[in-house]
Amino acid sequence: MSTNDPRPHDDELEPPGDDVLAGEYVLGVLDATQRREVRRRLESDPEFARRVADWEWLLGPLTAGIAPVAAPAHVWPRIRARLGWPPEGHVEEHAGWWQSVGLWRWAAGLAAAVAVAAIALNIVSHPLSTQLPPVARVVTVIAHDDGSPGWLATIDTSRGTLQTMPIPSAPDTQGRVPELWLIPPGRAPLPLGLLSTGRSLLITVPAALRRDLTTAAVLAVSLEPPGGAPNGVPTGPIIAKGMVRL
Amino acid sequence: MPHSDRIARSPDGASLEALLAQVALGSRPAFESLYQQTANKLFGVCLRVLSERAEAEDALQEVFATVWSKAGQFDAARGTAGTWLAMIARNKAIDRLRERPDPGKLAPIETAGEVEDSDPSPQQHALAGDARRRLESCLQRLDARRRALIHAAFFDGSTYEQLATRTGSPLGSIKSWIRRGLIQLRACLEQ
């Protein structure tokens with residue numbers, strides 16, 4: 001390929017376009033001030049963030065050439081400490097630790113509930129909302145036996161998706177993970193995927209199961225080994241359930 | 001559910017992609033497996049940029065704290081978990097490098113004629129996947145000067161100013177060469 005540089009110096013005079021700036025950031029040639037500006041912009045400009053992600057995938061394979069170096073043994077305990085996890089070999093039922101995590105989760109739960117409400121009422125502005133009639137989405141509540149909500153779900157039957165929002169709770173002490181099931185009337189539970197106790201997840205309902213996603217069906221959550229119920233059948237206790245609302 | 005059998009039966013044999021999916025759901029055992037499988041590689045990446053072990057250790061902690069909170073952002077449709085993790089490590093290491101009061105000394109770069117590759121282990125190219133081969137082939141199409149600058153920037157985390165000093169070339173020329181090199185690289189990769 002020819003590499004003519006008819007005017008090698010003029011690029012300095014004009015600021016680069018967004019795509020080149022994103023490439024410069026990922027390549028690593030920007031100074032501290034410029035990097036901070038880019039980082040600020042990444043938080044508020046999704047289009048620019050997408051360009052940066054594109055460059056990361058484009059240049060990323062170069063890292064394959066970097067040789068591993070044994071990481072010192074003391075790094076792992078420091079990472080655990082930094083994440084607020086108890087030291088290894090320590091029993092996890094610790095009042096102080098749970099309290100702080102509980103407080104954080106409560107705040108996150110409040111934020112999640114507000115986000116669900118915003119989605120349900122279509123308050124969040126979205127490019128698509130200008131083309132679509134404003135539809136208030138109905139929220140399905142997946143509640144614990146005591147009636148307290150465990151997860152909220154908004155179902156989009158046209159896309160076959162299910163947006164789930166946890167009311168954050170402590171992870172299972174036995175390390176089990178929540179799995180979501182669709183139970184059509186009079187039939188066995190059908191697996192829909194793992195849920196998070198702390199994060200919102202968009203679940204795509206398998207095409208074969210979409211016709212069962214009706215208001216006659218129940219959404220249920222069971223506790224399963226990490227990775228989910230191995231044979232597509234619940235193996236752990238059902239901890240929450242709710243009638244599908246559309 | 002894809003992967004579920006594999007993870008349930010053999011946490012340590014799970015792919016990095018499957019482990020990241022579990023980490024996104026808050027699985028601590030998956031996070032520990034991920035650390036065991038990737039810490040050395042990511043420490044290598046941090047050390048490559050920062051040179052000093054203590055700083056690279058701090059950067060590595062930041063990397064894994066970020067991975068714990070952002071694992072859900074990994075998009076397996078776009079590339080491998082290894083690449084995604086390595087780019088997080090490189091990014092954290094460069095941020096740390098930029099906060100140093102004294103940028104320190106870096107070796108001069110020879111941009112004329114055949115240049116020594118800054119990539120430390122060319123023998124690993126043979127092990128690389130398609131993405132790496134495509135990138136290498138496009139880098140080979142750049143002229144030696146642009147290629148050397150892009151390699152030095154990528155592996156050493158040098159700024160435009162540092163690259164100008166290291167090559168003895170005017171800053172404007174360096175910016176021009178790298179920007180054109182990036183544009184050319186993208187065009188080649190998108191063919």
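Residues numbered from 1 in each chain as written. Chains lettered and ligands numbered in written order. Predicted model: local features only at pLDDT ≥ 70, side-chain atom pairs only at ≥ 80, totals over all residues.

1. Considering the interface of chain A and chain B
Chain A puts 54 residues into the contact, and the matching count from chain B is 71 residues. Among the elements of the structure, helix H1 (18-27), helix H2 (32-44), helix H3 (46-59), helix H4 (75-82) and strand E5 (190-194) of chain A are those that each provide at least two residues to the side of chain A that touches chain B. When residues in the side of chain A that touches chain B are grouped by element, the largest group, five residues, is from H4(A). Residues that form the side of chain A that touches chain B fall into these classes: 32 nonpolar, 14 polar and eight charged. (Contact = placed C-beta atoms within 7 Å. Helix = DSSP H or I, 4+ residues; strand = E, 2+ residues; numbered from the N terminus. Nonpolar A, V, L, I, M, F, W, Y, C, P; charged D, E, K, R; others polar.)

2. Some details on the confidence of the model for chain A
All names here are of chain A. Looking at chain A, the pLDDT average stands at 78 and 74% of residues meet or exceed 70. For chain A, per-element mean pLDDT is lowest for helix H5 (residues 95-120), which scores 50, and highest for H1, which scores 96. Low pLDDT (under 50) marks residues 91-104, which in the prediction has nine contacts with non-local residues, meaning those over four places away or in another chain. The model gives residues 121-135 a pLDDT under 50, and that stretch makes nine contacts with residues more than four places away or in other chains. (pLDDT = per-residue confidence, 0-100.)

3. Observations regarding the pairing of E5(A)
By the bridge criterion, four bridges tie strand E4 (residues 177-183) of chain A to E5(A) in an arrangement that is antiparallel. Looking at the pairing, A:Leu182 lines up with A:Leu190 of E5(A). (Pairing = 2+ DSSP bridges.)

4. Observations regarding the environment of A:Gly175
Turning to its location among the elements, A:Gly175 is positioned in the loop between strand E3 (161-166) and E4. We classify A:Gly175 as exposed; it has 12 C-beta atoms within 10 Å. Through-space distance from the C-alpha of A:Gly175 to that of A:Glu224 is 8.8 Å; in sequence the pair is 49 residues apart. Every residue in contact with A:Gly175, bar those within four places of it in the chain, is listed here: A:Pro226 and B:Pro29. (Buried ≥ 20, exposed ≤ 12 C-beta atoms within 10 Å, placed from the backbone.)

5. Regarding helix H9 (residues 171-189) of chain B
Taking 1.5 Å per residue, 19 residues should reach 27 Å; H9(B) reaches 27 Å between its end C-alpha atoms and fits that length. Every buried residue of H9(B) is listed here: B:Ile174, B:Lys175, B:Ser176, B:Trp177, B:Ile178, B:Arg179, B:Gly181, B:Leu182 and B:Leu185. (Expected span 1.5 Å × (residues − 1).)

6. Some words on the nonpolar core
Most often, soluble globular proteins have nonpolar side chains that are buried together. With 62 residues, the main nonpolar core has B:Leu42, B:Cys46 and B:Leu60 as its most contacted residues. Of all the elements, helix H3 (residues 28-50) of chain B adds the most residues to this core, at twelve residues. Not counting the four nearest positions on each side in its chain, B:Leu42 is found in contact with B:Leu60, B:Val63, B:Leu85, B:Ala86 and B:Ala89. One finds A:Tyr25, A:Leu30, B:Leu139 and B:Leu163 within the second-largest nonpolar core, a separate group that totals 32 residues. (Core = buried A, V, L, I, M, F, W, Y, C linked by C-beta atoms within 7 Å.)

7. Structural notes on the packing of H4(A) against helix H4 (residues 53-70) of chain B
In a packed pair of helices, the relevant descriptors are the angle between the two axes and the axis-to-axis distance. Interaxial distance between H4(A) and H4(B) falls to 10 Å at its minimum, and their mutual angle equals 45°. Between H4(A) and H4(B), the crossing angle belongs to the class labelled oblique. Helix-helix and strand crossings are classified by hand; for H4(A) and H4(B) the assignment is right-handed. Here H4(A) contributes A:Val75, A:Arg78, A:Ile79 and A:Arg82 to the contact with H4(B), which in turn contributes B:Glu57, B:Leu60, B:Gln61, B:Phe64 and B:Ala65. A class-by-class count of the residues in the contact of H4(A) with H4(B) yields five nonpolar, one polar and three charged. (Axes fitted to C-alpha atoms, helices over the stretch in contact; angles between N-to-C directions. Parallel < 35°, antiparallel > 145°, perpendicular 65-115°, else oblique. Left-handed = near helix turned anticlockwise from the far one by under 90°.)

8. Some words on H1(A)
The buried count for H1(A) comes to eight of ten residues, which makes it a mostly enclosed element. Along H1(A), the residues classified as buried are A:Val20, A:Leu21, A:Ala22, A:Gly23, A:Glu24, A:Tyr25, A:Val26 and A:Leu27. The secondary structure elements touched by the buried residues of H1(A) are H2 and H3 of chain A together with helix H7 (144-156) and H9 of chain B. Directly beyond the C-terminal end of H1(A), a positive phi value near 105° is found at A:Gly28.

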